[in-house]
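If you want the building blocks of each chain, they are given just below.
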Amino acid sequence: MGRPSLFTQKLADLICERIADGQSLRAICAEAGMPATGTVFRWLESHEGFRGQYARAREFRADTLFDEILEISDTPVEGEAVRAGKPASETSRGVDHRKLQVETRKWMAAKLQPQKYSDKPPPTVPGAEGAAPRIEAIRRVIVDPTGDSDS
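Cut-offs applied
- Residues numbered from 1 in each chain as written.
- Predicted model: local features only at pLDDT ≥ 70, side-chain atom pairs only at ≥ 80, totals over all residues.
- Heavy atoms only, no water.
- Phe/Tyr/Trp six-rings, centres within 6.5 Å; stacked < 30°, edge-to-face > 60°.
- Helix = DSSP H or I, 4+ residues; strand = E, 2+ residues; numbered from the N terminus.
- Buried < 20%, exposed > 50% of the residue type's maximum accessible area, 1.4 Å probe, protein only.

Let's talk about the packing of aromatic side chains
Here is step 1 of the chain: If you walk through the whole model with that rule in mind, you get 5 aromatic pairs.
Here is step 2 of the chain: Summarising the aromatic geometry, the rings of phenylalanine 7 and tryptophan 43 are spaced 5.4 Å apart at their centres and angled 85° between planes, so their arrangement reads as edge-to-face. In this pair, phenylalanine 7 sits in the segment before α1 (9–20) while tryptophan 43 sits in helix α3 (residues 37–46), placing the two residues 36 residues apart along the sequence.
Here is step 3 of the chain: For phenylalanine 7, a relative accessible area of 24% translates into the label partly exposed.
Here is step 4 of the chain: Of the residues examined, tryptophan 43 reaches a relative accessible area of 4% and is grouped as buried.
Here is step 5 of the chain: Arranged with centres 5.6 Å apart and planes meeting at 55°, the rings of phenylalanine 7 and phenylalanine 50 form a pair that is tilted. Of the two residues, phenylalanine 7 sits in the segment before α1 while phenylalanine 50 sits in helix α4 (residues 48–74), which places them 43 residues apart along the sequence.
Here is step 6 of the chain: With relative accessibility at 1%, the residue phenylalanine 50 sits in the buried group.
Here is step 7 of the chain: One aromatic cluster is present, formed by Phe7, Trp43, Phe50 and Tyr54 through successive ring pairs.

Next up, the structure:
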């Protein structure tokens, strides 16, 4: 049996549930019985409801990544203490690996939901609600410092 290519809401729900749980579309589609990524992209183009569902799942994925950051950071690394000047031990490599995991998840969460997880807020669009007002004109006014307006 080949990969599914016909859209079903049941398959769409499964894909979105797994994305919201932190899995990538690429990893999901690599499994037997799942559609190819190109098929999912075609579904996104042709099914508006699925498009919205998929977008929400990606937003939830950022929250899942945030939760994983806390879990990784709060889990102690077992092993021996590392002293300066000595070669890297299993402990220091484990700590370095965890730092990489946390930084990667922070970066992904900021890309998926910049307004919520980015260190820098996304740029505002002029005229959008909450954006700075658009400058329509600049006027030059010359003021007489003596206060004499008859000149």
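Back to the write-up after that little detour.
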